Every structure is written in structure tokens, then in C-alpha cells.
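Read off the chains here:
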Amino acid sequence: MLSHLDVVAANPKEWSVDPFEGVVKDGFVWGRGALDMKSMTAMEVMVMKLLKRNKMKLKGDVILAATADEEKGGEAGAGWLVRNHPEKIRADYVINEGGGLAIPIEGKNIYTIQTAEKGILWFKIKAKGRPGHGSVPGTADNAILRMNRVVEKLGNYRAKMTVVPTVKQFLSQITKENKTVQQALMLLLQNPDMGDQILDMLAEKDKAMAEELRASLRMTIAPTIIHGGIKENIIPSECEAVFDCRVLPGQTPTEAMDEIKGLMPDADLEKLEFETIQANEPS
Ligand SMILES: [Zn+2]
């Protein structure tokens, strides 16, 4: 039984409770990490206690691993365990988070099992230009404007839709359960090329499902960090932005990077530097 103890950052200003206090309110635990994923850690620890308490006779070992560093790729957590103590965690099966949340459909919950995962490509682009004085913009080559074009392009890019086998199976099962979205999903299975129009329609009924599906059907790119400029009146010669790209099973981060570079006009491309921050193959 695997779980992670680390959480992503939380800005207290955006929270109605202290994100790190673990407030119990209205019958729920409120806090960063309550869902992702202390809830499951608590269940897994409880399983260990119950096994012990009831003196259960087992055919094999049950191993509990509650690790760090999952949110940044797991190298210092699960990765460290695999490298340094493989004998302690070797197991036939692993139960972990990520198979999916309960999907509420027509009054009941559908529970999914994860059979594939998108890959990660986190990358940084540095846009170069020529500095100048803010009072005479025409004499400079503003790196922020160059980056603006890049962010606009990548942020709005809709990569080709591909229905990978595991998503295809998911769609056909969900279609059986959910009459409301049945028509849209059948249409989607038959016409993946019209995916975006079909999902735009579905979004009017069920926005969450439509966007989950859109992300399951294509490589996505989200700009997440941007830095540029140092002073009010200096036109910057550098601007940096970070992007979170997720690739479909069947596609490699390297192929995704080539596709991304291919989107840039040549005139810009020679003034852009690409740096991969982290790349994980899809599985
Ligand atoms: Zn998690």
C-alpha cells in the first residue's frame, strides 16, 4: 500500500481555512493534502492496524510505504526506496492513488481503475531580444513581446486528438452508465476528428467531464510561470516562461518537444532557447 505525505503548495489567501491546520468542519477535514492524499494514507495505516488488531493470518506480506516527494516526481521518495531498499518494498501488486475519483453519474458513483498515465514534459523557454529605453520602443527588440507570442501560441494550441485504447474503453463503459451524455460520447467515439466541437457541446451539460476528456484525448500545454523585465523604463532583452506539457501514451516527450518547436515561426525560433526541466515517459 503506497501513499505520499507531501502536498503541493497552498496560498492561505485563497483558502477559507488555514490550509495546514487540518480543520474539521461540517463533517469534513479541510486542508491541503486532505484529499491528495492523507485520506488514503489514513486508510492504509488503518488497514495495518486492523490486520494486527484482528491477528489476521496472511498468505504473504502487506507492505506500507508512505513517501515524500511525489508531487515533484518521486525521485527522493518512492524512487529513493526503489534504489536503496528494493528488498523492503518488492511486491506483486501496488495499491496507490490516481486511479481516478468517484465519478457521480445519475445518482451513483462510478469508480475507475487506472490503466495508463500521461507523460510529463516540463520545459522552460527563454526568449531573447535587444534591450532599449522604454521611451523609444522601436529601437529595441522586446523579449516580452516575443514571449507573448509564444505563450499565446502554446497556451491555445490544440494538438491532434487521439483516442488511445484505454480511453476508448473508458468512453464505451461510461456511455452505458450515463444516459445524459450518452449521445455526445457515442458521437465522440465515432468522430474523434470532431472531438472539440463535440466536447464544447458536452461542456454545456457537464463541464468537468468535458475538460477531463479533452485532456485525456490530446497532448496539453499549460503556461505556468513567466518572468521578464527588471525596471519600469528598460525594455527587456530576456523573458522566461515555464510550461507544463502532458503527453499521451504512445507519444514521447522528445516527440512532443519537436512538435512544440515546430509551432514557432522561424523568425522567433532563432531567438528562443528551450530547456527541459523534467521529462517522464507516459505509461
Ligand atoms: Zn497525490
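Our structure is the block above this text.
Note that the coordinates shown come from a computational prediction; the quantities given were computed from them, not determined experimentally.

A closer look at the side chain of Thr67
Alright, step 1. Inspection of the secondary structure assignment puts Thr67 in strand β4 (residues 65-67).
Alright, step 2. Each residue touching Thr67, except ones within four places of it in the same chain, is listed here: Leu2, Ser3, His4, Leu5, Asp6, Gly77, Ala78 and Leu81.

Comments concerning the sheet that holds strand β11 (residues 238-247)
As a general point, the strands of a sheet are linked pairwise by backbone hydrogen bonds and lie either parallel or antiparallel.
Alright, step 1. Pairing within the open sheet is antiparallel, and its 4 strands lie in the order β9-β11-β7-β12. Where the open sheet ends on each side, the last strands, each with one partner, are β9 (220-228) and β12 (272-280). Neighbouring strand axes in the sheet, compared pairwise and without regard to direction, differ in orientation by 20° on average.
Alright, step 2. Summarising the sheet, β9 and β11 pair through 8 bridges and their orientation is antiparallel. Directly across from Ala222, in β11, lies its bridge partner Asp244.
Alright, step 3. Each of β7 (119-128), β9, β11 and β12 touches helix α9 (residues 253-262); the most contacted strand, β7, lies at about 35° to it.

Regarding the coordination of the zinc ion
Alright, step 1. Every protein donor of the zinc ion is listed here as His4 (NE2), Asp36 (OD), Glu97 (OE) and Glu97 (OE), and their distances to the metal cover 1.9 to 2.5 Å.
Alright, step 2. Geometry at the zinc ion is irregular, judged from the 4 donor atoms that bind it and their angles of 57 to 139° at the metal.
Alright, step 3. Each donor residue of the zinc ion lies on one chain, and together they are spaced H-x31-D-x60-E. Of this pair, His4 sits in strand β1 (residues 2-4) while Asp36 sits in helix α1 (residues 34-53), and the two are 32 residues apart along the sequence.

Details of unusual backbone geometry
Alright, step 1. Looking along the chain, the bond that leaves Asp36 and enters Met37 is cis, with omega of 0°.
Alright, step 2. A positive phi angle is found at Asp26, which is not glycine, with a value near 50°.
Alright, step 3. Mapping Asp26 onto the fold places it in the loop between β2 (23-25) and β3 (28-30).
Alright, step 4. Using a relative accessible area of 63% as the deciding quantity, one classes Asp26 as exposed.
Alright, step 5. Unlike most non-glycine residues, Asp69 shows phi in positive territory, near 70°.

Section: the pairing of β7
Alright, step 1. Most of β7 is tucked away, with 7 of its 10 residues classed as buried.
Alright, step 2. Here 8 bridges tie β7 to β12, and the two strands are oriented antiparallel to one another. Within β12, the position partnered with Ile125 by the bridge is Phe274.

Brief notes about the nonpolar core
Alright, step 1. Core analysis: the biggest nonpolar cluster contains 22 residues, and Phe123, Leu154 and Cys245 have the highest contact counts within it.
Alright, step 2. In terms of residue count, β11 provides more of this core than any other element does, 5 residues in total.
Alright, step 3. In contact with Leu154, other than residues within four places in its own chain, are Phe123, Ile125, Ile221, Phe243, Ile260, Leu263 and Met264.
Alright, step 4. By size, the runner-up hydrophobic cluster in this structure holds 20 residues, among which are Leu171, Val181, Leu213 and Leu217.

A few points about a nonpolar patch on the surface
Alright, step 1. A cluster of nonpolar side chains, Met56, Leu58 and Val62, forms an exposed patch at the surface whose accessible area comes to about 260 Å².
Alright, step 2. Judged by relative accessible area, Val62 falls into the partly exposed class, the value being 33%.

Things to note about the layout of surface pockets
Any empty space left between atoms is shown by rolling a water-sized probe over those atoms.
Alright, step 1. The calculated volume of the second largest pocket comes to roughly 180 Å³.
Alright, step 2. What lines the second largest pocket is Trp122, Thr224, Ile225, Val242, Phe243, Asp244 and Ile277.
Alright, step 3. Contributions of two or more residues to the lining of the second largest pocket are made by β9 and β11.
Alright, step 4. Looking at the lining of the second largest pocket element by element, the count peaks at 3 residues for β11.
Alright, step 5. Classifying every residue of the lining of the second largest pocket by side-chain character gives 5 nonpolar, 1 polar and 1 charged.

Cut-offs used in this document
Residues numbered from 1 in each chain as written. Predicted model: local features only at pLDDT ≥ 70, side-chain atom pairs only at ≥ 80, totals over all residues. Heavy atoms only, no water. Helix = DSSP H or I, 4+ residues; strand = E, 2+ residues; numbered from the N terminus. Contact = heavy atoms within 4.5 Å. Pairing = 2+ DSSP bridges. Axes fitted to C-alpha atoms, helices over the stretch in contact; angles between N-to-C directions. Donors = N, O, S within 2.8 Å, 3.2 Å for Na, K, Ca; no water. Tetrahedral: all angles 85-135°; square planar, octahedral: opposite > 155°, others 65-115°. Buried < 20%, exposed > 50% of the residue type's maximum accessible area, 1.4 Å probe, protein only. Core = buried A, V, L, I, M, F, W, Y, C linked by side-chain atoms within 4.5 Å. Patch = residues over 30% accessible without salt bridge, like charges linked within 9 Å, V, L, I, M, F, W, Y side chains within 5 Å. Areas by Shrake-Rupley, 256 points an atom, 1.4 Å probe, with all protein chains shown as cover. Salt bridge = Lys/Arg side-chain N within 4 Å of Asp/Glu carboxyl O. 1 Å grid on protein atoms, 1.4 Å probe; cavity = no way out; pocket = protein on both sides within 12 Å on 5 of 7 lines; lining within 4 Å. Points joined across faces, edges and corners; volume = space filled by probe spheres on them. Nonpolar A, V, L, I, M, F, W, Y, C, P; charged D, E, K, R; others polar.

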